[in-house]
Amino acid sequence: MNLLKWNLNEIEMPTKYEPTKVEEGKYKWWLENDFFKAEGDPNKTPYSVVIPPPNVTGKLHLGHAWDTTLQDIITRIKRMQGYDTLYLPGMDHAGIATQAKVEAKLKETNVSRHDLGREKFLEKSWEWKEEYATFIRAQWEKLGLGLDYSRERFTLDEGLSDAVKKVFVSLYEKGLIYRGEYIINWDPVAKTALSDIEVIHKEVEGNFYHLKYPLADGTGFLEVATTRPETIPGDTAVAVHPKDERYAHLVGKTILLPILNREIPIVADDYVDREFGSGAVKITPAHDPNDFEVGNRHDLPRIIVMHEDGTMNEKSGKYDGMDRFEARKAIIQDFKELGLFIKQEPHLHSVGHSERTDAVVEPYLSMQWFVKMQPLAKAALDIQKEEATKVNFVPNRFEKTYSTWMENIHDWCVSRQLWWGHRIPAWYHKETGEIYVGEKAPANPSEWEQDEDVLDTWFSSALWPFSTMGWPNIDSPDYKHFFPNHTLVTGYDIIYFWVSRMIFQSVEFTGERPFKDTLIHGLVRDAEGRKMSKSLGNGVDPIDVIDKYGADSLRYTLSTGTAPGQDLKFSYEKVEASWNFINKIWNASRFALINMNGLKVQDIDLSNVTEVSDKWILTRLNETIDTVTSLSEKYEFGEVGRTLYNFIWDEFCDWYIEIAKISLYGEDEGAKHTTRSVLAFVLDQTMRLLHPFMPFVTEEIWQNLPHDGKSISIAKWPEVNDKQMDKEASEAMKTLVDIIRVVRNIRSEVNTPLSKKVDIELKPADEKYKAILEKNMSYIERFCNPEKLTISFDLKPSDSAMTAVISGVEIYLPLEGLINIEEEIIRLEKELDKWNKEVLRVQGKLANERFMAKAPEKVIEEERAKESDYLAKKSSVEERIANLKKK
């Protein structure tokens, strides 16, 4: 499994990070050793996350990769922290989508599902499921997801099917599921009903057609306007407002419906907007939800004029057999020929499209099953009133999104005209028409016929947090131990579809919230901020990215690229930057491992750490552990990434490793051993912090460091060790690093290479800084290469000196003949501008009453310390500019 191989006291390790070789075999090894298998130990604190089940319809996309990477990071951290961690895998049967895919595949051989029959078609669908489930598991493997496959579930498996039946029957018995004839959203391509949130509304350029509807007595006509002339054959009334004086005398009279020559009444109804159009509205109760309500109030007939495939039926008269949009044109042409056409106006309006097939949705009168939502929504909203019972939305602004939806929710149409899915557990007596609803088929099954429809896919998905744990068996060990789940990770685009439904179903059937937290992320967009789509050709296959850059590079890019709730702009440049970061880690580890000299874990000794650099890196490590742990608890993984990057790249790699070379290449064996111990310990702890983000490369490196344990995936999460915290050493090292950086920058500005010795003068602000400089002169001498190093309170810069100010120290480099005074003044004025801005910023903060009232005292003190520091730096620069201007 490992690339790194010990050879006596040397290590053979590629000089470049090669992700394909690093990742090879690791996932299989993790699974073989059950590192991701939850114990179900009632004596351990549980932590459970269920994967949002992907549809068994094809490849996972970048959104899935982002979503599951965040879940994997959370569960890997919790596993390392000692929780009994369950990350449960599973898949969704995806009724409409899967059936469409299977039917399309059958169509290639000129076979329809009706040719096969229901039973044979379902066999084909299960074959499809098994094939694509294998693909999905392979993609999970490529991503490195720490899933417990012993508990994998599928929304159509036996246990979940039992849960679905129990929920349906229970809701029916409580009067919360009912069957009725209502206007529903109909997909004429999939030939099934859709719920409101499965309808995507798009702005479409259509027309308003103004038409004459003649009065039956021949005394005139009413002007009506419509965007859907194809529904005219289904008109059963014209409505006007009861207070509209223009039409008061016509209420009760009849219209002779053009073309069909059917008399329909003129009715008065408050639904009509007197100010809109002519104030007269055609009423089509079978093809419009508002008209349906008007029809109920006036006892109007409901005439369905279309077949389920969107073609006109025999009730439409001469248009029978036409496509609905062809009929629209034909009807308008006929109105023109009859002299009943007034005008048409361009009209941009919102038209519903099927989320699955993109077909224009048809409002359609149909007998369907519905869930009565108001009582369920109220209970789900009530739990949000108490901290102990509520679902915590992260970021919390999405709670308002959820609450607003639930407060205005409509009844949920749950029946779908499909074969693939949970068949509705309702039977109709063949003779009496009696309805029987039950978890088991009725006695004398030959006398009953089961409902042909299946349930909306989201009906079973709504039970996912608890049905996957064994419910309805409330004595199931997993249900008792792992439910409620701790965290759900999902996108803001399915708060309506899924999150809301999981909450109300869980409250109804378990009496508890389904999960404590729900971490909401945004959508993955391209580098220009556009949504990824086939039409734009900007989609990205995560497996292609992994093949080129490795799973760790993709995971780190996705997980640290944005804040919770925000969209993520994806670009290959970002992935490449992540690869470069990993390569930096790889080479730093390579250096450390090459210089370990066979160090074993029991040889690591941190009891004799005296060097300021060693104390500093241990302090910074512990501060990083504290910050990363705290931010991870808040799901602030973007900030975690920034923290780790700064510590590893800027501090460990760029500074500590360079400093470590002094002792490693020196003669003092004791110092060498201490440096090796610090290197090994810091790398070990850093790999653990990185592991949830980069599981493959950290396992590779950790296996070759001195360590205890079989895998980093189950190694203990780092904890802060107060004994390793040395604030004085940390402050001293910061001063030294600032001095070295400033001196190098000044050398660069005047084109004086580090190899050329120059005088360096350091003026400390007080005795504390003087002691720091004198005690650690060796660092300045090693990294600044001074001809002469002077440390004194009495220094004054010469005219030829380049100067800089850091906290506690003024730095002078006398560079006779290399400095241009005018250019130096310009440089210092830019620096003065920087400090002026910093002073204004911090003073503005301290003058802000809201900040001063809410900020912790520690934060306020930090800001006051910054103000004092910035003012001192500002004063020093001002003084230097004034002196130079006197010359």
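Just above, that's the structure.
Definitions and limits used
- Residues numbered from 1 in each chain as written.
- Predicted model: local features only at pLDDT ≥ 70, side-chain atom pairs only at ≥ 80, totals over all residues.
- Heavy atoms only, no water.
- Pairing = 2+ DSSP bridges.
- Helix = DSSP H or I, 4+ residues; strand = E, 2+ residues; numbered from the N terminus.
- Axes fitted to C-alpha atoms, helices over the stretch in contact; angles between N-to-C directions.
- Contact = heavy atoms within 4.5 Å.
- Core = buried A, V, L, I, M, F, W, Y, C linked by side-chain atoms within 4.5 Å.
- Buried < 20%, exposed > 50% of the residue type's maximum accessible area, 1.4 Å probe, protein only.
- Salt bridge = Lys/Arg side-chain N within 4 Å of Asp/Glu carboxyl O.
- Parallel < 35°, antiparallel > 145°, perpendicular 65-115°, else oblique.
- Nonpolar A, V, L, I, M, F, W, Y, C, P; charged D, E, K, R; others polar.
- Expected span 1.5 Å × (residues − 1).
- Bend = angle between axes of the 7 residues up to and from the residue.
- Patch = residues over 30% accessible without salt bridge, like charges linked within 9 Å, V, L, I, M, F, W, Y side chains within 5 Å.
- Areas by Shrake-Rupley, 256 points an atom, 1.4 Å probe, with all protein chains shown as cover.
- Lys, Arg positive; Asp, Glu negative; His and termini not counted.
- Charge placed at Lys NZ, Arg CZ, Asp CG, Glu CD.
- Phe/Tyr/Trp six-rings, centres within 6.5 Å; stacked < 30°, edge-to-face > 60°.
- Lys NZ or Arg CZ within 6 Å of the ring centre and 35° of its normal.

**Q** Help me understand the sheet that holds strand E22 (residues 448-450) in this model?
**A** Think of a sheet as strands paired side by side through backbone hydrogen bonds, with each pair either parallel or antiparallel. Strand order in the open sheet made by the 3 strands is E21-E20-E22, with antiparallel pairing throughout. Every interior strand has two partners, whereas the edge strands, strand E21 (435-437) and E22, have only one. Each strand of the sheet is rotated relative to its neighbour by a mean of 30 degrees, with strand direction disregarded. For strand E20 (residues 426-429) and E21, the ladder comprises 3 bridges, and the chain directions are antiparallel.

**Q** Would you take a moment to explain the pairing of strand E13 (residues 262-268) for this structure?
**A** By the bridge criterion, 3 bridges tie strand E11 (residues 237-240) to E13 in an arrangement that is parallel. Each residue of the ladder has a partner; that of Val 240, found in E13, is Ala 268. Bridge count between strand E12 (residues 254-257) and E13: 4 bridges; the pairing is antiparallel. Across the sheet, the residue bridging to Thr 254 is Pro 265, located in E13. Between the antiparallel neighbours E12 and E13 lie 4 residues, among them Ile 259 with a positive phi of about 75 degrees.

**Q** For this particular structure, what's the right way to read the sheet that holds strand E15 (residues 341-354)?
**A** Read from one edge to the other, the open sheet built from 3 strands follows the order E10-E9-E15, with strand pairing classed as antiparallel. The open sheet has two edge strands with one neighbour each: strand E10 (221-226) and E15. Neighbouring strand axes in the sheet, compared pairwise and without regard to direction, differ in orientation by 20 degrees on average. Bridge analysis of strand E9 (residues 199-214) against E15 gives 13 bridges, and the strand direction is antiparallel. In the strand pairing of E15, Val 199 is matched with Ser 354. Contacts between helix H9 (residues 324-337) and the sheet are confined to E9 and E15, with E9 contributing the most and set at about 20 degrees to the helix.

**Q** Please explain the nonpolar core as it appears in this structure.
**A** Note that soluble globular proteins tend to have their nonpolar side chains buried in a common cluster. Core analysis: the largest hydrophobic core is formed by 130 residues, its most contacted members being Phe 637, Phe 652 and Leu 762. The dominant element in this core, judged by the number of residues it contributes, is helix H20 (residues 637-664), at 13 residues. Excluding anything up to four places from it in sequence, Phe 637 contacts Leu 70, Ile 73, Ile 74, Ile 77, Leu 519, Ser 559, Thr 560, Ser 632 and Phe 693. One finds Leu 88, Tyr 479, Val 499 and Val 507 within the second-largest nonpolar core, a separate group that totals 57 residues.

**Q** Any chance you could explain the environment of Tyr 769 here in plain terms?
**A** Here Tyr 769 is to be found in helix H24 (residues 767-775). Taking the C-alpha atoms as reference points, Tyr 769 and Pro 542, 227 residues apart in sequence, are found 52 Å from one another.

**Q** So what exactly am I meant to see when it comes to the pattern of salt bridges here?
**A** Pairs can form between side chains of opposite charge once their charged atoms are near each other. Taken as a whole and assessed by the stated rule, the structure comprises 61 salt bridges. Measuring nitrogen to oxygen at the nearest pair gives 2.6 Å for the salt bridge that ties Arg 525 to Asp 567. Taken as a pair, Arg 525 in strand E26 (residues 524-525) and Asp 567 in the loop between helix H17 (551-560) and strand E27 (568-569) lie far apart in primary sequence, 42 residues in all. One continuous salt-bridge network, built from bridges that share partners, spans Glu 198, Arg 416, Asp 456 and Arg 501.

**Q** So what exactly am I meant to see when it comes to the packing of helix H19 (residues 612-633) against helix H21 (residues 669-690) here?
**A** Each packed pair of helices is defined by two parameters, the angle between the axes and the distance between the axes. Relative orientation of the contacting elements H19 and H21 amounts to 10 degrees, with a least axis distance of 11 Å. By the angle class used here, H19 and H21 are roughly parallel. Along the contact surface, H19 presents Asp 614, Ile 617, Leu 618, Leu 621, Thr 624, Ile 625 and Val 628, while H21 presents Thr 674, Val 678, Phe 681, Val 682, Gln 685, Thr 686 and Leu 689. Along the lines of polarity and charge, the residues of the contact of H19 with H21 split into 9 nonpolar, 4 polar and 1 charged.

**Q** Hey, could you run me through H20 in this one?
**A** Given 3.6 residues per turn, any residue in an α-helix points the same way as the ones three and four places further on. A rise of 1.5 Å per residue sets the reference length of H20, with its 28 residues, at 40 Å; its end C-alpha atoms lie only 35 Å apart and thus fall more than 12% short of the reference. When the local axis directions of H20 are compared, the greatest deviation, roughly 40 degrees, occurs at Phe 652.

**Q** Which parts of the structure should I look at to understand a negative patch on the surface?
**A** Together, Glu 158, Asp 162, Glu 173 and Glu 439 make up a negatively charged patch on the protein surface. Among the structural elements, Glu 173 can be located in helix H7 (residues 158-173).

**Q** It is not clear to me how the environment of Ile 232 should be interpreted in this structure. Could you clarify?
**A** Relative to the elements of secondary structure, Ile 232 occurs in the loop between E10 and E11. Those residues in contact with Ile 232 that sit more than four places away from it in its chain are Leu 211, Tyr 213, Leu 257, Lys 282, Ile 331 and Phe 335.

**Q** What am I meant to see in helix H6 (residues 118-143) here?
**A** When the terminal C-alpha atoms of H6 are compared, their 37 Å separation across 26 residues agrees well with the 38 Å that a helix rising 1.5 Å per residue should span. Every buried residue belonging to H6 is among Arg 118, Phe 121, Ser 125, Trp 128, Lys 129, Tyr 132, Ala 133, Ile 136, Gln 139, Trp 140 and Leu 143, and all of these are buried. A positive backbone phi angle near 80 degrees is found at Gly 144, which sits one or two residues after H6.

**Q** Where do I start with the packing of aromatic side chains in this structure?
**A** Describing an aromatic ring pair means giving the distance of the ring centres and the angle of the ring planes. Counted by the stated rule, this structure contains 46 aromatic pairs. Ring centres 6.4 Å apart and planes at 35 degrees place the aromatic pair Tyr 549 and Tyr 572 in the tilted group. Pair noted here: Tyr 549 is in helix H16 (residues 542-549) and Tyr 572 is in helix H18 (residues 572-594), with a separation of 23 residues, a long-range link. We classify Tyr 549 as buried; its relative accessible area is 8%. Looking at Lys 174, its charged tip hangs above the ring of Phe 509, at a distance of 5.3 Å from the centre. Residue placement shows Lys 336 over the ring face of Phe 341; its charged tip is 4.9 Å from the ring centre.

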